[in-house]
Amino acid sequence: SAISGVESRGLTVSIENDHASFQMLHMEYYITCGHCFDAPKVNVLPGRFGVGAFTSTMTSRGTRGCIVYTLAGPGGESLGSRLFVVVGWDVPLIADNKFFMEVLEVPQLEFPRILTERKRIYEKLSRKLVAAGQTIQHHLEIPNHGGFSIAASMATSGIANLKLELHPLHLTRIGNGD
């Protein structure tokens, strides 16, 4: 008798912090489909990286969800507001992979610890999914703290790999002010 293979899809998430002082802290995740095979690092400190893995289950049709990190300054202090980076994905069994990434200021103290708050943010941001093969970038200046550039990209290969990178702020100023 033949044993049939179960089709499944997975996602590897790579998080890299190339910023000299900003930190990504208190990781939380939310999954609507599939399960967490290996949770990403809870804290990604300056100069460090982390990896996580999510996969489909026998009853799911892929994996969908998001990861939330609190953005903080050196020593974990607030950057003047409650800033978060949220990166999400949709890796279906058959269709094309998609992802989103956003930097949010969320005043509600329940976010991101309370599951219903993560679900609310996921449902709002999942309307912004873009196709794999693209890059999403945000550049933010924060008064008295400098700033940062953050980018997310997803490979178009059969193995879904979502990459999130935090860097020092890189803005090109046009003109020399003369």
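Report on the accompanying structure. (Residues numbered from 1 in each chain as written. Predicted model: local features only at pLDDT ≥ 70, side-chain atom pairs only at ≥ 80, totals over all residues. Heavy atoms only, no water.)

Before going further, it helps to spend a moment on helix H1 (residues 115–125). For H1, the full list of buried residues reads Glu117, Arg118, Ile121, Tyr122 and Leu125. For H1, the buried positions fall inside an angular range of 135 degrees around the axis, keeping them on one side. Buried-residue contacts for H1 involve strand E2 (23–33), strand E5 (62–72), strand E6 (83–92) and strand E7 (98–105). (Buried < 20%, exposed > 50% of the residue type's maximum accessible area, 1.4 Å probe, protein only. Helix = DSSP H or I, 4+ residues; strand = E, 2+ residues; numbered from the N terminus. Arc of directions from axis to C-beta. Contact = heavy atoms within 4.5 Å.)

So, about the nonpolar core. Ranked by internal contacts, the top residues of the largest apolar core, which has 32 residues, are Met24, Leu71 and Leu164. Only strand E1 (10–17), E2, E5, E6, E7, strand E9 (135–142), strand E10 (146–154) and strand E11 (160–168) provide two or more residues apiece to this core. Take this core: its biggest share by element is 5 residues, from E6. For leucine 164, the contacting residues outside a window of four places in its chain are Ser14, Ile15, Glu16, Met24, Val85, Val87, Met101, Ile150, Ala151 and Ala152. Formed by 12 residues, the second largest nonpolar core is a distinct cluster that contains Cys66, Leu104, Tyr122 and Leu125. (Core = buried A, V, L, I, M, F, W, Y, C linked by side-chain atoms within 4.5 Å.)

With an omega dihedral of 0 degrees, the bond running from phenylalanine 111 to proline 112 counts as a cis peptide bond. Turning to its location among the elements, proline 112 is positioned in the loop between E7 and H1.

Now for the environment of proline 46. Structurally, the position occupied by proline 46 is in the loop between strand E3 (35–38) and strand E4 (49–55). For proline 46 and glycine 73, which are 27 residues apart along the polypeptide, the C-alpha to C-alpha distance reads 9.9 Å. Beyond its immediate sequence surroundings of up to four residues, proline 46 is in contact with Asn17, His19, Ala20, Ser21, Phe22 and Gln23.

With that settled, consider the packing of aromatic side chains. Scanning all chains against the criterion turns up 6 aromatic pairs. On the numbers, 5.9 Å between centres and 70 degrees between planes, the contact of phenylalanine 22 with phenylalanine 148 is edge-to-face. Remark: phenylalanine 148 occurs in strand E10 and phenylalanine 22 occurs in the loop between E1 and E2; sequence separation between them is 126 residues. When its relative accessible area of 2% is taken as the criterion, phenylalanine 22 is described as buried. Phenylalanine 148 gets classed as buried once you look at its relative accessible area, which sits at 0%. Ring centres of phenylalanine 84 and phenylalanine 111 lie 4.9 Å apart, and the angle between their planes is 85 degrees; on these two criteria the pair is classed as edge-to-face. (Phe/Tyr/Trp six-rings, centres within 6.5 Å; stacked < 30°, edge-to-face > 60°.)

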